[in-house]
Amino acid sequence: MNSTLTRLAERRERLVAQSAEQRTALAESAAPWRAPLALADRGVEALRAIKRHPVWVLGGVLMLAALRPRRAGRWTRFAWIGWQIGRKLLGR
């Protein structure tokens, strides 16, 4: 009985070591995917925000349609610059 417990303990140690090696290998192989997956997560979150607040999107589209195309381009550029500045100020 004692030899059986010893063999089981040794096997368990080998399996724990093997799983640690596999975790390390998996983390190394997944590292290049972190940035693209983070970008995909941001895109999914943006879609969820649009789904939660469709009236804001509709209002933006209607506002752009009500403005002349030249003005809409100016406002779009202004909004883009404001958004970029806001991101930098908030540290995102």
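Computed from a predicted structure; not experimentally measured.

1. Remarks on the overall build of the chain
In step 1: The helix and strand inventory of the chain stands at four helices and zero strands.
In step 2: Secondary structure elements in the chain, listed N-terminal to C-terminal, are α-α-α-α.
In step 3: At 27 Å, the chain has a C-alpha radius of gyration far larger than the 12 Å of a compact globule built from 92 residues.
In step 4: Taking the principal axes of the C-alpha coordinates as reference, the chain spans close to 85 × 25 × 20 Å.
In step 5: Here the chain holds 92 residues, and 1% of them are scored as buried.
In step 6: Within the chain, one finds 18 positive and 6 negative side-chain charges whose respective centroids are separated by 24 Å.

2. Let's talk about the packing of aromatic side chains
In step 1: Here the structure, examined in full by the defined rule, presents one aromatic pair.
In step 2: Relative to W83, the ring of W80 lies with its centre 5.2 Å away and its plane at 35 degrees, an arrangement referred to as tilted. Taken together, the residues span about one helical turn, with W80 and W83 both in helix α4 (residues 69-90) at a distance of three residues.
In step 3: Exposure remark for W80: the relative accessible area of 51% places this residue in the exposed category.
In step 4: A relative accessible area of 41% means that W83 is categorised as partly exposed.

3. Re α4
In step 1: Here α4 spans 31 Å end to end across 22 residues, near enough to the 32 Å set by a 1.5 Å rise per residue.
In step 2: Looking one or two places after α4, you find G91, whose phi comes out positive at around 75 degrees.

4. Let's talk about a positive patch on the surface
In step 1: Together, R68, R70, R71, R74 and R77 make up a region of like positive charge exposed at the surface.
In step 2: Mapped onto the elements of the fold, R70 is located in helix α4.
In step 3: With relative accessibility at 63%, the residue R70 sits in the exposed group.

5. Notes on a nonpolar patch on the surface
In step 1: A surface patch of nonpolar side chains, amounting to about 590 Å² of accessible area, comprises W80, I81, W83, I85 and L89.
In step 2: Of note, L89 is situated in helix α4.

6. Thoughts on the environment of G86
In step 1: In this structure, G86 sits in helix α4.
In step 2: In this structure the C-alpha to C-alpha distance between G86 and L8, which are 78 residues apart in sequence, comes to 59 Å.

7. Let's talk about the pattern of salt bridges
In step 1: Within this structure, the stated rule accounts for one salt bridge.
In step 2: Two residues, E45 and R52, come together in a salt bridge whose shortest N-O distance is 3.3 Å.

Cut-off values and rules
Residues numbered from 1 in each chain as written. Predicted model: local features only at pLDDT ≥ 70, side-chain atom pairs only at ≥ 80, totals over all residues. Heavy atoms only, no water. Helix = DSSP H or I, 4+ residues; strand = E, 2+ residues; numbered from the N terminus. Rg over C-alpha atoms; globule rule 2.2 N^0.38 Å. Buried < 20%, exposed > 50% of the residue type's maximum accessible area, 1.4 Å probe, protein only. Lys, Arg positive; Asp, Glu negative; His and termini not counted. Charge placed at Lys NZ, Arg CZ, Asp CG, Glu CD. Phe/Tyr/Trp six-rings, centres within 6.5 Å; stacked < 30°, edge-to-face > 60°. Expected span 1.5 Å × (residues − 1). Patch = residues over 30% accessible without salt bridge, like charges linked within 9 Å, V, L, I, M, F, W, Y side chains within 5 Å. Areas by Shrake-Rupley, 256 points an atom, 1.4 Å probe, with all protein chains shown as cover. Salt bridge = Lys/Arg side-chain N within 4 Å of Asp/Glu carboxyl O.

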